[in-house]
Amino acid sequence: MTARIITSEPEAVDRPPAPRFAFDRHTWKEIVYLLTNLPVTLLGFVYVVTTLSIGVGLAVTVIGLPVLAAGLLGARLLGRAERARARGLLGLRVEEPSPLPRASVDGWFGRLWSGLKDPVGWRTMLYSFIRLPWGVLTFTVTLVGLFVLWPVLPFVVRGLANADRAMARALLSPSDELERRIAELESDRGVVVDTAAADLRRIERDLHDGAQARLVNLAMGLGLAKEKLLEDPDAAAVMVDEAHGEVKLALQELRDLARGIHPAVLTDRGLDAALSSVATRCTVPVKVTADLPERPAEAIEGIAYFTVSELLQNVSKHSGARSASVDVWRSADRLLIQVRDDGRGGASLDKGTGMSGLADRLGAVDGLFVVDSPAGGPTTVTAELPWRDRA
Amino acid sequence: MRVVIAEDSVLLREGLTRLLTDRGHDVVAGVGDGDALVKTITDLAAQGELPDVVVADVRMPPTHTDEGVRAAVLLRKQHPGLGVLVLSQYVEEQYATELLAGSSRGVGYLLKDRVAEVREFVDAVVRVAQGGTALDPEVVAQLLGRSRKQDVLAGLTPREREVLGLMAEGRTNSAVARQLVVSDGAVEKHVSNIFLKLGLSPSDGDHRRVLAVLTYLNS
Amino acid sequence: MTTPTQHGQGYGYRDAVAGERRRRLPAGLRAPVEARTFREFGYLLLSLPLSIMTFVYAVTMVSLGAGLLITFLGIPVLAAALAGARGFAAMERSRARALLGLDVGSPGPLRARGHGPMAWTVALLKSGESWRNLLYGILHFPWAVFAFNVALVFWTVGWTLLTYPLWQWVFPMYTGQGGIQLYGDGAHDIYLDNPFEITVTAVVGLLITMAAPWVIRALTWVDRLLVSGLLGPSRLGARVVELESDRGVVVDTAAADLRRIERDLHDGAQARLVSLAMDLGVAKEKLAEDPREAARMVDEAHGEVKTALQELRDLARGIHPAVLTDRGLDAALSSVASRCTVPVQVDVDLPARPAPAIEGIAYFTVCELLQNVSKHSRATRATVDVWRVENRLMLQVADNGVGGADAAAGSGLAGLAGRLDAVDGILLVDSPSAGPTRVTAELPWRRA
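Remember, predicted model here, so these are calculated numbers, not experimental data.

What counts, and where the lines are drawn
- Residue indices follow the written sequence of each chain, beginning from 1 at its first position.
- For naming, the first written chain is A and the first written ligand is 1, with later ones following in the order written.
- Local features are withheld for residues below a pLDDT of 70 in this predicted model, meaning they are given only at 70 or higher, and side-chain atom pairs are given and counted only at 80 or more; totals for whole chains, interfaces and linings count all residues.
- Hydrogens and water are ignored here; the side-chain numbers use all heavy atoms of the structure.
- By definition, any uninterrupted DSSP run of H or I lasting at least four residues is a helix, any uninterrupted run of E lasting at least two residues is a strand, and each is numbered from the N terminus.
- For the exposure calls, accessible area comes from a 1.4 Å probe over protein chains only, and a residue counts as buried if that area is under 20% of its type's maximum, exposed if over 50%, partly exposed in between.
- Pairs of residues are marked as contacts when any of their non-hydrogen atoms sit within 4.5 Å.
- To measure how exposed things are, a 1.4 Å probe is used in the Shrake-Rupley method; for residues, cover is taken only from the protein chains shown.
- Buried area is calculated as the accessible area (1.4 Å probe) missing from two parts once they are joined, with the contributions of both summed.
- Each reported salt bridge corresponds to a side-chain nitrogen of Lys or Arg within 4 Å of a carboxyl oxygen of Asp or Glu.
- Throughout this description, a polar contact denotes any pair of N or O atoms lying within 3.5 Å of each other; where both atoms belong to protein, one of them has to be capable of donating a hydrogen while the other can accept it, and for residues adjacent in sequence the pair is counted only when both atoms sit in side chains.
- Two strands are said to pair when DSSP picks up at least two bridges between them.
- Angles here are taken between N-to-C directions and fall from 0 to 180 degrees, while the axes themselves are lines fitted to C-alpha atoms, restricted in helices to the stretch in contact.
- The pLDDT value tells you how sure the predictor is about a given residue, anywhere from 0 up to 100.
- UniProt positions are given in the numbering used here, feature names are shortened, and annotations may be inferred rather than shown by experiment.
- Throughout this description, the term nonpolar core refers to a set of buried Ala, Val, Leu, Ile, Met, Phe, Trp, Tyr and Cys residues connected via side-chain atoms within 4.5 Å.
- Each patch is assembled from residues with relative accessible area greater than 30% and no salt bridge, linking like charges that lie within 9 Å and nonpolar side chains (Val, Leu, Ile, Met, Phe, Trp, Tyr) that lie within 5 Å.
- In this scheme, a helix's expected span is set at 1.5 Å multiplied by one less than its residue total.
- Consider a residue and the seven residues that end there alongside the seven that start there; fitting an axis to each set, the bend is the angle between those axes.
- An angle below 35 degrees is treated as roughly parallel, one above 145 as roughly antiparallel, one from 65 to 115 as roughly perpendicular, and anything else as oblique.
- Here a crossing is taken to be left-handed if its near helix is turned anticlockwise relative to the far helix by less than a right angle, and right-handed if that turn runs clockwise.
- Ten residues, namely Ala, Val, Leu, Ile, Met, Phe, Trp, Tyr, Cys and Pro, are considered nonpolar, four, namely Asp, Glu, Lys and Arg, are considered charged, and the remaining ones, Gly among them, are considered polar.

**Q** Just to check I follow, could you spell out the overall build of chain B for this structure?
**A** Helix and strand counts for chain B come out as 11 helices and 6 strands. When each of the 219 residues of chain B is scored for burial, the buried share is 53%. Considering only contacts in chain B between residues 6 or more positions apart, those separated by 24 or more positions represent 67%. Within the structure as shown, chain B displays about 8,900 Å² of accessible surface, and the carbon and sulfur contribution to it stands at 53%.

**Q** What am I meant to see in the interface of chain A and chain C here?
**A** How big an interface is tends to be stated in terms of the accessible area lost upon association of its parts. The partner chain C presents 65 residues to the 68 residues of chain A that form the contact. Carbon and sulfur atoms make up 75% of the surface buried where chain A meets chain C, a total of about 6,000 Å² over both sides. Looking only at chain A, the three residues that lose the most surface to chain C are A:Arg189, A:Leu200 and A:Leu215, adding up to 11% of its buried area. In this assembly, chain A and chain C are joined by 11 salt bridges. When the shortest N-O distance is used, the salt bridge between C:Glu244 and A:Arg181 registers 2.5 Å. The tally of links between chain A and chain C comes to 17 residue pairs in polar contact (both at pLDDT 80 or more). Elements with a contribution of two residues or more to the side of chain A that touches chain C: helix 4 (119–148), helix 5 (153–172), helix 6 (177–231), helix 7 (233–261), helix 8 (264–269) and helix 10 (298–319) of chain A. Considering each element in turn, the side of chain A that touches chain C owes the most residues, 30 residues, to helix 6 of chain A.

**Q** Is there a simple way to think about the interface of chain B and chain C in this case?
**A** Contact residues are listed per partner, giving 21 residues for chain B and 16 residues for chain C. In this structure, the connection of chain B to chain C is made through 6 salt bridges. In this structure, the connection of chain B to chain C is made through 7 residue pairs in polar contact (both at pLDDT 80 or more). Contributions of two or more residues to the side of chain B that touches chain C are made by helix 4 (93–100) and helix 6 (137–146) of chain B.

**Q** Looking at this model, I keep getting lost on the pairing of strand 5 (residues 107–111) of chain B. Mind explaining?
**A** Consecutive residues of a regular strand have side chains that alternate between opposite faces of the sheet. Residue and element names in this part refer to chain B. The element strand 5 is extensively covered by neighbouring structure, given that 5 of its 5 residues are classed as buried. Of the strand pairs in this sheet, strand 4 (residues 83–88) and strand 5 are connected by 5 bridges, and their pairing is parallel. What sits directly across from Val84, in strand 5, is Val107. Two elements, strand 5 and strand 6 (residues 133–135), share 3 bridges in a ladder whose sense is parallel. Opposite Val107, over in strand 6, you have Thr133 as the bridge partner.

**Q** Where do I start with the environment of C:Ala151 in this structure?
**A** All names here are of chain C. Note that Ala151 resides in helix 6 (residues 128–162). Residue Ala151 is classed as buried on the basis of its relative accessible area, which comes to 1%. The spatial distance from the C-alpha of Ala151 to the C-alpha of Pro213 is 8.8 Å, given a sequence separation of 62 residues. Those residues in contact with Ala151 that sit more than four places away from it in its chain are Phe41, Leu44, Ile216 and Leu219.

**Q** Would you mind showing me how to read the sheet that holds strand 4 (residues 382–389) of chain C here?
**A** By way of backbone hydrogen bonds, the strands of a sheet pair with one another, either parallel or antiparallel. All names here are of chain C. On the basis of which strands lie adjacent, the open sheet formed by 5 strands has the order 3-4-5-7-6 and mixed pairing. Looking at strand neighbours, the two that pair on one side only are strand 3 (344–349) and strand 6 (426–430), the edges of this open sheet. Each strand of the sheet is rotated relative to its neighbour by a mean of 10 degrees, with strand direction disregarded. Relative to strand 5 (residues 392–399), strand 4 runs antiparallel, the two sharing 8 bridges.

**Q** Is there a simple way to explain the sheet that holds strand 2 (residues 324–331) of chain A in this structure?
**A** Residue and element names in this part refer to chain A. Strand order in the open sheet formed by 5 strands is 1-2-3-5-4, and the pairing between neighbours is mixed. Both outer strands of the open sheet, strand 1 (286–291) and strand 4 (368–372), are each paired with one neighbouring strand and no more. With direction set aside, neighbouring strand axes in the sheet form an average angle of 10 degrees. Where strand 2 meets strand 3 (residues 334–341), 8 bridges bridge the pair, whose relative direction is antiparallel. In the sheet register, Val326 faces strand 3, and the bridge partner there is Val339. Running over the sheet, helix 9 (residues 271–280) touches strand 1, strand 2 and strand 3 and is turned about 175 degrees from strand 1. In the packing of helix 10 onto the sheet, contacts are made with strand 1, strand 2, strand 3, strand 4 and strand 5 (379–386), and the angle to strand 3 comes to roughly 10 degrees.

**Q** Is there a simple way to explain the confidence of the model for chain B in this structure?
**A** A low pLDDT score tells you not to read the predicted coordinates there in detail. Here chain B shows a mean pLDDT of 87. Residues at 70 or above account for 97%. Two summary scores accompany this predicted model of the complex, namely pTM at 0.67 and ipTM at 0.75.

**Q** Explain the pairing of strand 3 of chain C here, please?
**A** Residue and element names in this part refer to chain C. Burial of strand 3 is one-sided: the residues Val344, Val346 and Val348 facing one way are buried, the residues Gln345, Asp347 and Asp349 facing the other way are not. When strand 3 meets strand 4, the two strands line up parallel, connected through 6 bridges. In the strand pairing of strand 4, Gln345 is matched with Thr383.

**Q** Quick question: what am I supposed to make of the UniProt feature "transmembrane region" (unreviewed entry) in chain A here?
**A** UniProt annotation of "transmembrane region" (unreviewed entry) refers to residues 31–50, 56–78 and 132–153 of chain A when read in the numbering used here. Across residues 31–50 of chain A, the secondary structure splits into 100% helix and 0% strand, with the terminal C-alpha atoms separated by 29 Å.

**Q** Explanation requested: the nonpolar core in the structure shown.
**A** Grouped burial of nonpolar side chains is what soluble globular proteins tend to show. In terms of nonpolar packing, the biggest core is built from 138 residues, with A:Phe369, B:Leu37, B:Tyr109, B:Leu164, C:Leu333 and C:Val384 touching the most fellow members. Take this core: its biggest share by element is 9 residues, from helix 14 (residues 356–377) of chain C. Ignoring sequence-local partners within four residues, the contact set of B:Leu164 consists of B:Leu144, B:Leu153, B:Leu156, B:Ile194, B:Leu198 and B:Val213. Grouped together as the second largest cluster of nonpolar side chains are 69 residues, A:Ala236, A:Ala250, A:Leu251 and B:Ala116 included.

**Q** I'm lost on a nonpolar patch on the surface in this one. Help?
**A** All names here are of chain A. A contiguous nonpolar patch, built from Leu143, Val144, Phe147, Val148, Leu149, Val152 and Phe155 and spanning about 630 Å² of accessible area, is present on the exposed surface. When residues of the nonpolar patch are assigned to their parent elements, the largest contribution, 4 residues, is made by helix 4. Within the secondary structure, Val152 is located in the loop between helix 4 and helix 5. Assessed through its relative accessible area of 36%, Val152 is described here as partly exposed.

**Q** It is not clear to me how the pattern of salt bridges should be interpreted in this structure. Could you clarify?
**A** Charged atoms that come close allow side chains of opposite charge to pair. Applying the stated criterion across every chain yields a total of 68 salt bridges over all chains. As a salt-bridge pair, C:Arg224 and C:Glu40 come within 3.6 Å of each other at their nearest N and O atoms. One end of the pair, C:Arg224, is in helix 9 (residues 195–230); the other, C:Glu40, is in helix 3 (residues 35–68), with 184 residues separating them in the sequence. C:Glu40 shares its class with C:Arg224; the two are buried. It is possible to trace a salt-bridge network through shared partners that takes in A:Arg181, A:Glu184, A:Asp188, A:Asp366, C:Glu244 and C:Arg247.

**Q** In this structure, what is going on with helix 1 (residues 25–58) of chain A? I would like to understand it.
**A** A turn of α-helix holds 3.6 residues, and therefore any two residues three or four places apart point the same way. Residues and elements named next belong to chain A. For helix 1, spanning 34 residues, the distance from its first C-alpha to its last is 48 Å, which sits close to the expected 50 Å at 1.5 Å a residue. Largest kink in helix 1: about 40 degrees, centred on Asn37, with the proline Pro39 one to four residues after it. For helix 1, the set of buried residues is Thr27, Glu30, Ile31, Tyr33, Leu34, Asn37, Thr41, Gly44, Val48, Thr51 and Gly55. For helix 1, the elements touching its buried residues are helix 2 (64–90), helix 4 and helix 5.

**Q** I'm lost on the side chain of C:Gln270 in this one. Help?
**A** Within the secondary structure layout, C:Gln270 lies in helix 10 (residues 235–289). If we ignore the near neighbours within four places in the chain, the residues touching C:Gln270 are A:Leu251, A:Leu254, A:Arg255, A:Ala258 and C:Leu265.

**Q** Before we go on, may I ask you to explain the packing of helix 7 of chain A against helix 10 of chain C in this structure?
**A** Between helix 7 of chain A and helix 10 of chain C, the least distance of the axes is 9 Å, while the angle of their chain directions is 160 degrees. One finds that helix 7 of chain A runs roughly antiparallel with respect to helix 10 of chain C. Of the two possible hands of crossing, helix 7 of chain A and helix 10 of chain C adopt the one that is left-handed. Looking at side-chain class alone, the contact of helix 7 of chain A with helix 10 of chain C contains 21 nonpolar, 3 polar and 4 charged residues.

**Q** Teacher, can you tell me more about the environment of C:Ile190 here?
**A** Residue and element names in this part refer to chain C. Here Ile190 is to be found in strand 2 (residues 189–192). In sequence terms Ile190 and Gly178 are 12 residues apart; their C-alpha atoms lie 9.2 Å from each other. Leaving out residues up to four positions away in the same chain, Ile190 has contacts with Ile180, Gln181, Leu182 and Tyr183.

Here you go:
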């Protein structure tokens, strides 16, 4: 699920503050990283060259293949150590790759084969192989810089460290994106199917408890009135009057239910009109700006509508805001929604809140949901949906 | 007639109460869920004041599924003399089968819509209170449609099928005659024809007759 | 969704038409002059120059990239190599589609995390498809050289020898020898010059010409393997594409369901209630002055309410039948069956209840199939069976009607198949034109 969860504090760890003409904690850590590059890369290089030459050299005899497989397993460990070093000193968070998959073919040979084609191991090998000259370079530059480039060293160090970050991110990050994507999509599909089924059950229940009950009562009242009409016209008049009131209530209930299912104005006129109509029912004055060149696919439009309407409900209920705004626009192949209010903030995506339900729903269609709501306000909620054109 | 009503919608509960009171019946208690219904009846029975009939909704809190049916089955087992009329927004033949399991004495299962015909509805309540049967025409249609004896049923004339349906709803001969605008004698003739064609031995009394028909359809 | 790759699908139709005209010739005689043979021959001839280009490109870029790896500059070079390989792959796929009729799906677009050249480089280096494309660039070359030579030799030698009687006169007239020299060591020379030898040569030529199409076909068979193995989408990639489309279908279906319900409510109950409100309003006014008219209006209103209730009940059942939630598939399906115009026997044999979503899909599938039975089959009997096999929920609806149902595009069955497909289900229709019809659906089993 890609619902990025951002509360008031941005990703502080991943991105250190901009370099200054001073040596702060980050700079010192980076210097340590760059200086340790030399021994570490040397070790890695020697390891890779040794295992590769032994493994490949002996590959002609059968013994080379297990050696190579063991070497790749070792490379995985090397990669883990490198990720830990980058995490500790560069503040770089790279996800751990999935463990070696279980062999599809059982037995000794199956395990060997799956070890030999382990892409993570091979990429770590590559990483270690190309890093030696870079390690020499960073070591030298940093060491020399410590003595002669003292004033600008923070900037130099940041530049070198950024190159290191890029390398680590490219070669040490997990490569099983397709597998992860498949797992994510399967769960997404499950979420969508289950929510749809739950939606239908809720609607059926609402109908049963609301309009249907009211109509039964109305039918009963009218039945009685009909009988009395000629014998006791006064009592009958009261009953007809009551029934008239009931019908109006039943209509109101049905209308609310229908709007909750899918507002007709959304089908007929699109997001702008539908959102304006939601805004007028909000207890807080809301300014709606929808800037869309054309209408997106119906499903996307529906999700966008219900997202805004739930967010505005939150604004009415919890924010204590005096005004709010809704912006909807398109950026490349994404539909963006932003709801802002000047309330007291403190909204969170904790489990069980309406917000986390929204994040799940959006996540299931590759949407994003970002909440920025520091205590004391203001709150900005941004949602992003994939843009699909109308069929 | 003393009635207990179990219905979670306050609106409907009051409506039903008014309707029955208006007709001179005594609504002893009104409750909102299945457990409360069973408890109320148990309490009343302990005081020796078992009501004549219970009118219960199917879908009630806490689970909003089939509380009413389950409570009705339980009450019928505990108090064989108690009439139970189950009301619902939809009728399902499965629930009817569960309610009728064992005996069709003092059982009713109607769509809520039927309260619109006030007189017929109150008649049905009274019938159930007196140990009769009141099945919704929709249930009967489902029973007829689902029955495995289609070949035999196909042998009935359209009018006989009509009479069979009305009989299965729990109506007496004269009620059937009134509905079809024919004489009592004509109905008698249809009934004996039906019993002959279905291979049932003619039985006296409306209740036993209904039971025979329902057992036949369900077998 | 398993779409079997259909070889030669592209021009199957045209071949059928051509075959109609040459029905008189047996396949063996037809082969050398068939359009298909020429296309395949053309493919093999084109392979050589193209594969030289790709090979040179791939080897140069890879060795350059690998050599530069030690300075880190190699990474972008390798990425460029991979990007180029993807381009070549696209070209090769369309060439195979045009000339071999081989329909290999193109892998999805590159998935970069974020924007910018860095993200693209990373994505390229990580995509297994690009590496396989590069591998194709290298592997295809030796094969193309071999296939080119073999095909060309067979083709030219065959036709040359076959037409030998026609141009044999060239030898005595211009070269001073009797014909093609078969053997010669100075002392001993054998020329193909007498009528018997010329005839034999032509016959041999005929045999080779006849064999050439099959040799060519065998050669392109290896090409097909290479293309579908190395240029097609990977198994995982294909699954991602399928799941993305599934998810789209599921989302759209859910949205469409809600719109339909809203419309039904609006056109049905809401409209009826509005007219009811009006009737009652009028009745209220008339009550004092014209009690008889008022009574009529109240009576009408009463009728309207009953109809509205009936409509709402039907609508609610179409949304989600309460008995399904309460009692599960057996009870719900029996209830549907009892409303069907045809006698239906329902047999549900499930050890437990599946997840509500799966139960709902199964229920609505049977409903729709039974509706088809009522409407189109003219059956007098139908059966519904539901059971579980390992981790699949199986449904079967059979009737003894006229048959001829098919899941072609646009039919109700096709819509049903699409909905099932989106949750990894399958719909199989077996309905010969005189009946009986048997529709089997399979859904993944998920526990409640």
